[in-house]
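Fold and contact review
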Amino acid sequence: MAIYNQSRSNTIRLIVIITFLIIALQLFYLQLVDRRYEQLAMDNAVYPKVIYPERGVIYDRKGKAILNNTIIFDLMVTPAEAKGIDTLEFCKLLKIDTSEFRKRIVEAIIKNTSVRPSVFKAMLTKELQARFEENSWRFPGFNLMERPLRTYPYHAAAHILGYIREADKRDIERSNNFYRQGDYIGKTGLEAYYESVLMGQRGVQYMIKDNKNRLVGAYEGGEYDTASIAGRSLHTHIDIELQQLAEALMSNKVGGLVAIDPNTGGILSMVSGPNYDPNDLSGSEGSKNFSRMQLDVSGPMLNRAIAGRYEPGSTYKPLGALIALNEKVVNAAYGYPCGGRYTLCGHGKPECTHAGGGHAASLRLAIANSCNAYFAHIYRLTVDNPRYKNVYDGYLHWKEYMNAFGLGVRLGVDLPNENTGGIPDTVVYNRENAGRWTSCTNLTLGIGQDKMQTTPLQMANAMCIIANKGFYYTPHFVKEIEGEGPADQNRLKQFQKKHNVLANIPDAVFNEVIEGMSDVVKVGTARGAQIEGIEVCAKTGTAENYTILDRRRIKLPDNSMFVCFAPKENPKIAIAVFVQNAGFGATWAAPIARMMMEKYLVDSLTAYSKLDSARIASTNLMPSYFKRLQYKEDSIRAFKWFQITKDSAYIDRFSMQGSTMELPSPFKQNPTEQGLPNWIILLSNSCLPERAIKQIKLFSA
């Protein structure tokens, strides 16, 4: 019996020892190997508060801060901790409904898991921030996080400065997870181009939470905290007063304006119309305003100064004159007996605004009077030059000149989304003409039309090349980065390089063209651009404009264009102004450029210019067809929403807006529509396919 008891005692001891070893090993594993529970405990007791750095400030050429920072708060949520809260009270506090609450919680979990903090509501108003701070103890899992907010004290330069938004999935993936959910990133403008300079470096502050989820102090005395590092500032060539004047002059207009210092390539002002206040995309209303502008058919967020494609029209003619002189197909005394149209290609086009009187008796006179026949003819002489094998070879040489002037290529401005414009290759004409074409096929290239398309930036840069007699610096905004290192110097080096693109053209040739451009202002088509005491060199331009609307080709008012530089000797500013559907270049674009030059060179406006600036700023030249185009786009969106939801609420709102709109006669109500709901009639007048309208009418019945 004793032996039996001894055996059982040994077995019990063995079981106890094995159990103890298992517990000891498990404790060893949990405490020293597996860190999950330590992390969970840390997550429960410690809140890692991300400290976002202030982004770098942007200054104009006189040291004025044109983009700065202030502080705002985001409401963050950690879904795993947001349990047992009074959802109705929370929604009442934030003025949202419970379905929106659930939607945001689900989005936070999908984007960033349930145990990591995500933005629940970005950029709270001061009133909402104060209300939440008073009640934060009632809502565990929710915390306020400070965030610097961009402010624009001059309410200007939206397309230059750009905007920031929360990094999306693609941004995070492209950065190899450097950015995280909740980070903000530059999306457009200088904010995007110089993101790595402006962004700074985020920090983390570890805070202890009590049993009511309140932050009560620093963890371990802040030993593990990391400080945020503010972004570095940019010093630019922008003249903010000149920018504000330009934006006022371009208000309620579609087009682009660029002003450059030819001596440096520094961009002094750039405007795209229609414009917007950059503060509209900052703060609590930013997302709503962003959506509104995205749906606006006039494209207020498109930077037409670098991405708008326009036929340059007669503003091209100084370039054509330089090429013809340098190719020696004409000389300065060369004249053309223009009778009002060009007849040597058999169709009497292009026409001229002048007829007879020797207005094209020399190159200078032809520039001053903007003779279409003269420049169509010297284009033909250039591409038919006997030095080249055939017209195709001659055309390619002409195209090389165009590219040297910066047309048909990207110049490399320090903004994203620059457009190349368009100088067609011979492939295009070969395809359209079965490989058989002559200089008559595209002779209107000689007056800046046919398939030639340029951006306002390209034409302003072309004026720099003429002003500098053969060279330019890449147009750019930033002249200095705060605390420049080798990488920054390398980045800015491209803007300090002198491009001698047309150094082969003698100064004497440039001088002939420059004198002709001076005559444009003294005695030619732009006498309204004269500035007392300053000799201005310029060229007006007017280009026909068409659009397709409701399956019909509609002629619109001409585009008004003007390019210039001043003074003639030692030029300090070069400008290109394009105003869509405004009429003659001398009527609208030229006065805008004159006041820009006057403001920059004299630092003030004359009494006459002040009155003229008020007249131009108050004139609405927005194309009338935008209303019809917006109506069509809204009708399509209304129908798509109806298809998805069978909810006609959007259509009803749309119809209320459209019911007061006067429709052209082809879209008036017909007798068979009498008695139908107003919104169905409006949709019938839209561009929806017939089957879609039938579906809506059937559903309505």
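Our subject is the structure listed above.
What you are looking at is a predicted structure, and each value in this text was computed from that prediction instead of being measured. (Residues numbered from 1 in each chain as written. Predicted model: local features only at pLDDT ≥ 70, side-chain atom pairs only at ≥ 80, totals over all residues. Heavy atoms only, no water.)

**Digging into empty space enclosed by the protein**
One pass over the structure, following the stated rule, counts one cavity of 30 Å³ or more. The volume enclosed by the largest cavity comes to roughly 30 Å³. Put simply, the parts of the chain that give the lining of the largest cavity at least two residues each are α6 (158–161), α10 (240–249) and β12 (267–273). Residue classes in the lining of the largest cavity are distributed as five nonpolar, four polar and one charged. (1 Å grid on protein atoms, 1.4 Å probe; cavity = no way out; pocket = protein on both sides within 12 Å on 5 of 7 lines; lining within 4 Å. Points joined across faces, edges and corners; volume = space filled by probe spheres on them. Helix = DSSP H or I, 4+ residues; strand = E, 2+ residues; numbered from the N terminus. Nonpolar A, V, L, I, M, F, W, Y, C, P; charged D, E, K, R; others polar.)

**Some words on the pairing of strand β16 (residues 537–549)**
Where β16 meets strand β17 (residues 552–566), twelve bridges bridge the pair, whose relative direction is antiparallel. Bridging from a neighbouring strand, Thr542 pairs with Ser560 of β17. Counting the residues that bridge the hairpin from β16 to β17 gives two residues, and of these Asp550 lies at a positive phi of roughly 55°. (Pairing = 2+ DSSP bridges.)

**Some remarks on the state of the cysteines**
Within the structure shown, the criterion is met by one disulfide. Between the sulfur atoms of Cys345 and its disulfide partner Cys440 the distance amounts to 1.9 Å. Measuring the twist about the S-S bond at about -85°, one finds the Cys345-Cys440 disulfide to be left-handed. Here the residue Cys345 occupies a position in the loop between α13 (317–326) and α14 (363–369), and Cys440 occupies one in the loop between α17 (426–432) and α18 (456–467), the gap between them amounting to 95 residues. For Cys345, a relative accessible area of 18% puts it in the buried group. (Disulfide = S-S within 2.5 Å. Buried < 20%, exposed > 50% of the residue type's maximum accessible area, 1.4 Å probe, protein only.)

**Observations concerning the pattern of salt bridges**
Within the structure shown, the criterion is met by 28 salt bridges. Of the charged contacts, one joins Arg202 and Asp183 as a salt bridge, the two residues approaching to 2.3 Å between their closest N and O atoms. Within this pair, whereas Arg202 is found in the loop between α9 (195–198) and β8 (203–209), its partner Asp183 is found in the loop between α7 (169–174) and β7 (184–186), the two being separated by 19 residues in sequence. For Asp183, a relative accessible area of 5% gives the class buried. Linking Asp603 and Lys599 is a salt bridge whose minimum nitrogen-to-oxygen distance equals 3.9 Å. The exposure class of Asp603 is partly exposed, given its relative accessible area of 48%. (Salt bridge = Lys/Arg side-chain N within 4 Å of Asp/Glu carboxyl O.)

**Section: helix α20 (residues 507–522)**
In this model, α20 (16 residues) spans 22 Å end to end at C-alpha, consistent with the 22 Å of a helix rising 1.5 Å per residue. Among the residues of α20, Val509, Phe510, Val513, Ile514, Gly516, Met517, Ser518, Asp519, Val520 and Val521 are the ones counted as buried. Buried residues in α20 make contact with α13, α14, α18, β16 and β17. (Expected span 1.5 Å × (residues − 1). Contact = heavy atoms within 4.5 Å.)

**Regarding unusual backbone geometry**
Residue Pro350 follows Lys349 across a cis peptide bond; omega there is 5°. Examined against the element boundaries, Pro350 turns out to sit in the loop between α13 and α14. In this chain, Ala566 is followed by Pro567 through a cis amide linkage whose omega measures -15°. Although it is not a glycine, Asn581 sits at a positive phi angle of roughly 55°. Relative to the helices and strands, Asn581 resides in the loop between β18 (573–579) and α21 (589–602). Its relative accessible area of 8% is what places Asn581 among the buried residues.

**Focus: helix α3 (residues 87–94)**
Where α3 is concerned, the buried positions are Phe90, Cys91, Leu93 and Leu94. Each buried residue of α3 lies within a common arc of 155° when the element is viewed along its axis, so the set occupies one face. Summarising the geometry of α3, the exposed residues directed more than 90 degrees from the buried face are Leu88 and Lys92. Those residues of α3 that are buried lie in contact with β3 (65–77), α4 (98–112), β4 (118–121), α5 (126–135) and β5 (142–151). Lys95 sits one or two residues past α3 and shows a positive phi near 60°. (Arc of directions from axis to C-beta.)

**Brief notes about the layout of surface pockets**
Its volume calculated, the largest pocket comes out at about 1,200 Å³. Surrounding the largest pocket, 40 residues form its lining, Glu311, Gln449, Thr542, Ala543 and Glu544 being those nearest its centre. Only β16, β17 and α23 (625–645) provide two or more residues apiece to the lining of the largest pocket. No other element matches the seven residues that β16 contributes to the lining of the largest pocket. Residue classes in the lining of the largest pocket are distributed as eleven nonpolar, 19 polar and ten charged. When its volume is computed, the second largest pocket comes out at roughly 1,000 Å³.

**Considerations on the side chain of Asp171**
Its location among the elements puts Asp171 in helix α7. We classify Asp171 as buried; its relative accessible area is 6%. Not counting residues within four places of it along the chain, the set of residues in contact with Asp171 comprises Glu166, Tyr179, Ile185 and Lys187.

**Some points on the sheet that holds β17**
Read from one edge of the open sheet, five strands run β12-β11-β18-β17-β16, paired in antiparallel fashion. In this open sheet, the two strands that pair with only one neighbour each are β12 and β16. When the angles between neighbouring strand axes are averaged without regard to direction, this sheet yields 10°. Where strand β11 (residues 255–260) meets β12, six bridges bridge the pair, whose relative direction is antiparallel. In the sheet register, Ile260 faces β12, and the bridge partner there is Ile267. Contacts between α20 and the sheet are confined to β16 and β17, with β16 contributing the most and set at about 75° to the helix. (Axes fitted to C-alpha atoms, helices over the stretch in contact; angles between N-to-C directions.)

**What to know about a nonpolar patch on the surface**
The grouping of Leu14, Ile18 and Ile22 at the surface amounts to a nonpolar patch, some 280 Å² of accessible area in total. Along the polypeptide, Ile18 turns up in helix α1 (residues 2–33). With relative accessibility at 41%, the residue Ile18 sits in the partly exposed group. (Patch = residues over 30% accessible without salt bridge, like charges linked within 9 Å, V, L, I, M, F, W, Y side chains within 5 Å. Areas by Shrake-Rupley, 256 points an atom, 1.4 Å probe, with all protein chains shown as cover.)

**Some points on the nonpolar core**
The biggest cluster of nonpolar side chains holds 133 residues, and the ones touching the most others in it are Tyr194, Met270, Trp398 and Phe405. The greatest single-element share of this core, amounting to nine residues, is contributed by α18. A domain split of this core shows at least three residues from each of domain 2 (49–234) and domain 3 (306–618). Leave out the neighbours within four places in its chain, and Trp398 touches Tyr316, Ile323, Tyr379, Thr382, Val383, Ile423, Leu445 and Met452. Formed by 20 residues, the second largest nonpolar core is a distinct cluster that contains Val77, Ala82, Leu94 and Phe132. (Core = buried A, V, L, I, M, F, W, Y, C linked by side-chain atoms within 4.5 Å. Domains from an automatic or database assignment.)

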